[in-house]
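# Residue-level structure breakdown
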Amino acid sequence: DEFSEVIKALKNHEDKMRVVPNKADQIETQQLTRVYGALMWSLGKIVNTPEVIRVYIGSFWSHPLLIPDNRKLFEAEEQDLFRDIQSLPRNAALEKLNDLIKRARLAKVHAYIISSLKKDIAHLMVLVRQEETQKPVQMVKGGAFEGTQNGPFGHGYGEGAGEGIGDADWVVSRDKPMYDEIFYTLSPANGKVTGANAKREMVKSKLPNTVLGKIWKLADIDKDGMLDDEFALANHL
């Protein structure tokens, strides 16, 4: 198992691996054949390569061979291994080219997948919406979340966009009489003040023009360039 984990740790570098059952002179030919077959079968399960990884059988030490029956085999395997190692510099460019080709093929496959998905996106979106409508709405219930969409964090502050939530009256109504007094000093016509007259009053707040511009867009609900009761809303904002 430990040896298997070592080989798995070398994933994507299988082309750089060399397998050498060393000291093969310690077993007889028949037993060596069984060992070689079992090794190749095991490697085929854990090494993901198009071809079975090369195995060099030998006895790579300086001691005399215990069982000399396979001397010629060991010598031939030793020479093959040495030639393989010597050819590594020459094969480096070829290996890089093969790696580039592999990456290009993966990129091509990825492009085909994306292209296919792009054609199906409209259909997939319809299916997604159908699944969403069929699923029950999952929400936290009970306790502080009972009967509210805001949970325990939307009560008691009364500031910002949440000001006046839950009140029966318009939140601007509290100070509208004061705003109306200012409104009637701006020469309203037909119940409205012009943008120029409203601007003269609004700049007194000394707010930046960018902020005043946002306030105007929020207050001028009917987008007519003038303010009626909207003037009170602008002052409130």
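Our subject is the structure listed above.
Everything in this summary refers to the structure shown in the same document. Note that this is a predicted model, so its numbers are computed, not measured. (Residues numbered from 1 in each chain as written. Predicted model: local features only at pLDDT ≥ 70, side-chain atom pairs only at ≥ 80, totals over all residues. Heavy atoms only, no water.)

## Focus: the overall build of the protein chain
Test applied: Counting from the N terminus, the helices are DSSP H or I runs at least four residues long and the strands are E runs at least two residues long. For the radius of gyration, the atom set is restricted to C-alpha positions; the globular benchmark scales as 2.2 Å times the number of residues to the power 0.38. Residue burial is assigned from relative accessible area. The probe radius is 1.4 Å, only protein chains are included, and a residue is buried under 20% of its type maximum, exposed over 50%, and partly exposed in between. In this description, accessible areas are obtained by the Shrake-Rupley approach with a 1.4 Å probe, and a residue is regarded as covered only by the protein chains that are shown. Residues scored as positive are Lys and Arg, those scored as negative are Asp and Glu, and His as well as the terminal groups of each chain are ignored. Charge coordinates come from a single atom per side chain, which is NZ of Lys, CZ of Arg, CG of Asp or CD of Glu.
Across its full length, the protein chain holds eight helices and two strands. The order of helices and strands in the protein chain, counted from the N terminus, is α-α-α-α-α-β-α-α-β-α. Computed over its C-alpha atoms, the radius of gyration of the protein chain comes to 41 Å, more than 25% above the 18 Å expected for a compact globule of 237 residues. With the principal axes as the frame, the protein chain shows a C-alpha extent of 120 × 50 × 40 Å. The buried share among the 237 residues of the protein chain stands at 21%. Element-wise, carbon and sulfur atoms account for 57% of the exposed surface of the protein chain, whose accessible area totals about 18,500 Å². Here the protein chain contributes 32 positive and 34 negative side-chain charges, whose respective centroids are spaced 8 Å apart.

## Points about the packing of aromatic side chains
Short version of the rule: Pairs were defined over the aromatic rings of Phe, Tyr and Trp, the Trp ring being its six-membered one, requiring ring centres within 6.5 Å. Orientation was assigned from the angle between planes: stacked under 30 degrees, edge-to-face over 60, tilted for the rest.
Taken as a whole and assessed by the stated rule, the structure comprises two aromatic pairs. Taken together, a centroid distance of 5.4 Å and an interplanar angle of 80° make the contact between Phe183 and Tyr184 edge-to-face. Taking 5.8 Å as the distance between ring centres and 50° as the angle between the ring planes, the aromatic pair formed by Phe183 and Phe231 counts as tilted. On the criterion of sequence distance, the pair formed by Phe183 in helix 5 (residues 176-184) and Phe231 in helix 8 (residues 230-236) is long-range, its members being 48 residues apart. Assigned by exposure class, Phe183 and Phe231 land together as buried.

## Considerations on the side chain of Asp25
Test applied: Salt bridges are defined by distance alone: a side-chain nitrogen of Lys or Arg within 4 Å of a carboxyl oxygen of Asp or Glu. The term polar contact refers here to a pair of N or O atoms within 3.5 Å; inside protein, the definition further demands a hydrogen-donor-capable atom paired with an acceptor-capable atom, and it admits residues adjacent in sequence only when both atoms are side-chain atoms. A contact between two residues is defined here by any heavy atoms of the two lying within 4.5 Å.
With respect to the secondary-structure elements, Asp25 resides in the loop between helix 1 (2-9) and helix 2 (29-46). At 8.3 Å, Lys23 is the nearest oppositely charged side chain to Asp25, a buried residue that forms no salt bridge. Polar contacts involving the side chain of Asp25 include one to the main-chain amide nitrogen of Leu66, which spans 2.7 Å. Apart from the residues within four sequence positions on either side, Asp25 is in contact with Ser59, Trp61, Pro64, Leu65, Leu66, Ile67 and Phe74.

## Re the pattern of salt bridges
Scanning all chains against the criterion turns up ten salt bridges. Linking Asp84 and Arg18 is a salt bridge whose minimum nitrogen-to-oxygen distance equals 2.5 Å. A residue pair is termed long-range when its members are at least 10 positions apart, and Asp84 in helix 3 (residues 71-86) and Arg18 in the loop between helix 1 and helix 2 qualify at 66 residues. Judged by its relative accessible area of 16%, Asp84 is buried. Given a relative accessible area of 31%, Arg18 falls into the partly exposed group. Between Lys176 and Asp229 there is a salt bridge whose closest N-O contact spans 3.3 Å. On the criterion of sequence distance, the pair formed by Lys176 in helix 5 and Asp229 in the loop between strand 2 (226-227) and helix 8 is long-range, its members being 53 residues apart. Accessibility expressed as a relative area gives 18% for Lys176, which makes it buried.

## Focus: unusual backbone geometry
One non-glycine residue, Ser187, lies in positive phi territory at about 55°. Looking at where Ser187 falls in the secondary structure, it is placed in the loop between helix 5 and strand 1 (193-194). Backbone geometry at Lys223 places phi at a positive 55°, although glycine is not the residue there. Along the chain, Lys223 turns up in the loop between helix 7 (209-219) and strand 2. Given a relative accessible area of 57%, Lys223 falls into the exposed group.

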